[in-house]
Amino acid sequence: MLYPDTVESEILVHKPWFVATMFAIILAVFLAFNLTGTTMGELMRPVIGDPLQSGLYGRFAVAFVVAVIFSLNVVLIGFAPLKVQVAIVWFELLILFLAFFETFHLSLPFIWEKLPFLIAQGAVTTLYVSAISIAIASVIAILGAVAKLSTNGFAYAIASFYTSFFRGLPLLMQVYLIYLGLPQLGFVIDAVPAGILALSLCYGAYMTEIFRSGIQSIDRGQWEASRSMGFGFGITMRRIILPQALPVIIPPTGNQFISMLKDSSLVSVIGVWELMFLARTLGQKTFQHMEMLISTALIYWIMSICLELIQSRIERHYARSKLR
């Protein structure tokens, strides 16, 4: 629903045809899997008897109960306000994920022992590498966007070649080329600067197109009015064009930052002590890989949520002029 004040919303989950269709789909899906050997099958033991001996009847009964619970849950959530619906669905999905992780029989003492070092060293390094890389990539993107919008053939050719080359190669290959290739030219570079350089050049190429499209979204009349007032290119770009283009640029740029946060794990291949490197190293010593991988996944997720919240605040700030 785009505009709550003008668009009338229909509660789809209260439509009989939708509930019936959803129930049939869920029933068919869970019939395809034999759930009699799960916790649900044990809970229905008074109805179906021994779950392992219940056969097709037990399989259908478990699937039917699951479909009823699922459909009833969706219908009841539909009566709640929007924010309450979101909170309930998030909570239920989180419980399901935690229940899924519980099936791995994780060693919680081992996780609590390694978690401080995982955060203090791995998460901090990941944020450090990502933050510096996104700052450099933003500067590259502005220069590349201006070059691609200029009528200077040399500038356009260099910018277009740069974006084509770095968007056309896998990021992992770029990490290797920079870390192993620059020493061949006499430039010996450490692992962290090499990773930052690779991330900056790769994401700078993608963000060049984001900045270019954002600048082009501003009406040409803004440029002409600025020139008629005697403003130069720099002032026009800094004071008139970019402030109007930022509401268009910020959402995809925020997505790029979140993506870079996860892609920074690729620099672990050259020995940077970020999250993935530590997760693999700490788990390898005692063969407790799942403990470290799941812990690292949750840390990545929490950092991504924080960045999403920051991005939404920034978007609201720059969208104030469009509020009615």
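Residues numbered from 1 in each chain as written. Predicted model: local features only at pLDDT ≥ 70, side-chain atom pairs only at ≥ 80, totals over all residues. Heavy atoms only, no water.

Undergrad: Describe in detail the overall build of the protein, supporting the description with residues and values.
TA: Summing up its helical and strand segments, the protein has 13 helices and 0 strands in all. Taking 20 Å as the expected radius of gyration for a compact globule of 324 residues, we find that the protein reaches 27 Å, considerably beyond that expectation. Expressed as lengths along the three principal axes of its C-alpha atoms, the size of the protein is roughly 85 × 60 × 30 Å. Put simply, 73% of the contacts in the protein that link residues at least 6 apart link residues at least 24 apart. Taken as a whole, the protein presents about 20000 Å² of accessible surface, with 70% of it coming from carbon and sulfur. The distance from the centre of the 20 positive side-chain charges to the centre of the 17 negative ones in the protein is 10 Å. (Helix = DSSP H or I, 4+ residues; strand = E, 2+ residues; numbered from the N terminus. Rg over C-alpha atoms; globule rule 2.2 N^0.38 Å. Contact = heavy atoms within 4.5 Å. Areas by Shrake-Rupley, 256 points an atom, 1.4 Å probe, with all protein chains shown as cover. Lys, Arg positive; Asp, Glu negative; His and termini not counted. Charge placed at Lys NZ, Arg CZ, Asp CG, Glu CD.)

Undergrad: Requested: an account of unusual backbone geometry, with residues and values cited.
TA: Phi at His105 takes a positive value of approximately 55°, unusual for a residue other than glycine. By the element assignment, His105 lies in the loop between helix H5 (82-102) and helix H6 (108-149). We classify His105 as exposed; its relative accessible area is 67%. In this model, Phe287 sits at a positive phi of 60°, which is unusual for a non-glycine residue. (Buried < 20%, exposed > 50% of the residue type's maximum accessible area, 1.4 Å probe, protein only.)

Undergrad: Which residues make up helix H12 (residues 275-285), and what values go with them?
TA: For H12, every residue scored as buried is listed here: Leu275, Phe277, Leu278, Ala279, Leu282 and Gly283. Looking at the buried residues of H12, the elements they touch are H6 and helix H13 (289-318). Looking at where H12 begins, the residue whose side-chain oxygen comes 3.1 Å from the main-chain nitrogen of Met276 is Glu274. At the exit of H12 stands Phe287, carrying a positive phi of roughly 60°. (Polar contact = N/O pair within 3.5 Å; in protein donor to acceptor, adjacent residues only side chain to side chain.)

Undergrad: Hey, could you go over the packing of aromatic side chains for me, with residue numbers and the actual values?
TA: Across all of its chains, the model carries 12 aromatic pairs by this definition. Consider the rings of Phe100 and Phe101, whose centres lie 5.9 Å apart with planes at 50°: the pair is tilted. An angle of 55° between the planes, with centres 5.1 Å apart, marks the rings of Tyr162 and Phe166 as tilted. Here Tyr162 pairs with Phe166, and both are found in helix H7 (residues 153-168), just 4 residues apart, close to one helical turn. The exposure class assigned to Tyr162 is buried, which follows from its relative accessible area of 13%. (Phe/Tyr/Trp six-rings, centres within 6.5 Å; stacked < 30°, edge-to-face > 60°.)

Undergrad: So what's going on with the confidence of the model for the protein? Which residues, and what values?
TA: Scored by pLDDT, the protein has a mean of 86; 95% of the residues are at 70 or more. Confidence scores differ between elements of the protein, with helix H10 (residues 220-228) showing the lowest mean pLDDT of 78 and H7 the highest of 93. (pLDDT = per-residue confidence, 0-100.)

Undergrad: Tell me about the side chain of Thr163, and please be specific about residues and values.
TA: Take Thr163: it is sitting in helix H7. Leave out the neighbours within four places in its chain, and Thr163 touches Lys148, Ala205, Thr208 and Glu209.

Undergrad: Tell me about the environment of Leu278, and name the residues and values.
TA: With respect to the secondary-structure elements, Leu278 resides in helix H12. A relative accessible area of 2% places Leu278 in the buried class. Each C-alpha atom of the pair Leu278 and Phe117 lies 8.8 Å from the other, and the pair is 161 residues apart in sequence. Beyond its immediate chain neighbours, meaning those up to four positions away, Leu278 contacts Phe117, Leu118, Gln121, Gly122, Trp273 and Gly283.

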